[in-house]
Amino acid sequence: MATSANIPVIDIAGGQNEVAAQLVAAAEEHGFLYIKNLGNDIATSSIDEAFKLSAKIFDSPLEEKQRCTIQTNNRGWSGMHAETLDPKNQKVGDYKEAFNFGEFVNGKAQQPLPSTVLDDEARFSAFSDSCHQLCHKLLYLLGLGLGIGDFFSSAHATEKGASSSILRFLRYPPGDKTAHSSGDVRAGAHSDYGSITLLFRLKGQAGLELLKKDNTWAPVAVSPPGTENDPSPPILVNIGDLLSYWTNGLFRSTVHRVVFPEGSASSIEGETSQGPRYSIAFFCHPVASTPLEPVPSEKVKNFVKEDSTHAANPYAERKVMTADEHLFMRLKESYGDLYKKE
């Protein structure tokens, strides 16, 4: 069994300045971090309920899911191979299905839903709100750690306008029972398109890997050492492209993927690819028209990039004008056929 990626676990119940410094250090060095001791931010029971709702969506009749097929606004259901996260290297699209919720308005989804989950709309909305509030807290702390106050969090304030934040439910078919070719992956290598991502996973379900600075892959444990007996695995947080833009590359938007068992760099004791793999991601985005210019931080101003730091992630340095321009550039690469229909 292999050692998992060396990602710090941060207790966000600690002192504000101390937590802010830890978050910034992790964002610089890894681009990934775990958070625990959420307090009132998101209850374990809410996470458990969200996974039950996830299964309910994917167990809906196919015709119900197809009625909600994903549109160019990035909302709705996508089936097997509909998305290709690494189009330059993948021969086949991702082995997963997903359901994306956009922002809710007064507890109501602004998109079609399968009839099987219509009665659960308020629960989806409440979980989405909790995720957004937690992201807002983390973004404020990251800004505090950089000496720029609420720069990041205010850019995500809902009262300033709509954003492209997405609550995404994912189901991967059983790794040991899915026909595939050597080299196929369940989700292609990619960086995330937004500011930060919250990732919720279930104990024992393997597959996630990240690309280290030396260009080798390392598995990301669901329950890192010291958290194995926690009621729920710690939330995995990763830095997205937009925070890398804003910090001129100081924060790492790290490339990651989901693999089949035989395609993995290694395995972690207690984790398996038998049975379906479920995960829930909240992709936090700022207000759509937010410009992506380096933040007024002395730390960012004085940062000198290492030549190889972002070699594997060209999106972390590609310059675009606004948050949504970057998002839809990436979506068009992942869902080429969908956008070609426009």
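Residues numbered from 1 in each chain as written. Predicted model: local features only at pLDDT ≥ 70, side-chain atom pairs only at ≥ 80, totals over all residues. Heavy atoms only, no water.

Asks: Looking at this model, I keep getting lost on empty space enclosed by the protein. Mind explaining?
Replies: Empty space among the atoms becomes visible once a probe the size of a water molecule is rolled across them. As enumerated under the stated definition, the model contains five cavities of 30 Å³ or more in all. What the largest cavity holds in volume is close to 390 Å³. Around the largest cavity, the lining comprises 30 residues; the ones closest to its centre are R168, H190, D192, A281 and F283. Among the secondary structure elements, those contributing two or more residues to the lining of the largest cavity are strand 7 (166-172), strand 8 (187-190), strand 9 (196-201), strand 13 (256-258), strand 14 (277-284) and helix 8 (323-334). Here the lining of the largest cavity is built from residues that sort into 15 nonpolar, ten polar and five charged. (1 Å grid on protein atoms, 1.4 Å probe; cavity = no way out; pocket = protein on both sides within 12 Å on 5 of 7 lines; lining within 4 Å. Points joined across faces, edges and corners; volume = space filled by probe spheres on them. Helix = DSSP H or I, 4+ residues; strand = E, 2+ residues; numbered from the N terminus. Nonpolar A, V, L, I, M, F, W, Y, C, P; charged D, E, K, R; others polar.)

Asks: Help me understand the sheet that holds strand 7, please; the structure alone is not making it clear to me.
Replies: Note: strands within a sheet are paired through backbone hydrogen bonds, in either parallel or antiparallel orientation. Sheet architecture is open: eight strands sit in the order 1-2-12-9-14-7-4-3, paired in mixed fashion. Of all the strands in the sheet, the pair left with one neighbour each is strand 1 (9-11) and strand 3 (76-78). When strand polarity is set aside, the average angle formed by the axes of neighbouring strands in this sheet is 25°. Both strand 2 (residues 32-36) and strand 12 (residues 235-239) contribute to a ladder of four bridges, which runs antiparallel. In the sheet register, I35 faces strand 12, and the bridge partner there is I235. Running at roughly 165° to strand 1, helix 1 (residues 16-29) makes contact with strand 1, strand 2 and strand 12 of the sheet. Contacts from helix 4 (residues 121-146) reach strand 2, strand 4 (97-101), strand 7, strand 9, strand 12 and strand 14, with the element oriented near 130° to strand 9. (Pairing = 2+ DSSP bridges. Axes fitted to C-alpha atoms, helices over the stretch in contact; angles between N-to-C directions. Contact = heavy atoms within 4.5 Å.)

Asks: Could you clarify how one ought to interpret the side chain of N100 in this entry?
Replies: Of note, N100 is situated in strand 4. Under the relative-accessibility criterion, N100 is labelled buried at 1%. There is a polar contact of 2.7 Å between the side chain of N100 and the side chain of R168. (Buried < 20%, exposed > 50% of the residue type's maximum accessible area, 1.4 Å probe, protein only. Polar contact = N/O pair within 3.5 Å; in protein donor to acceptor, adjacent residues only side chain to side chain.)

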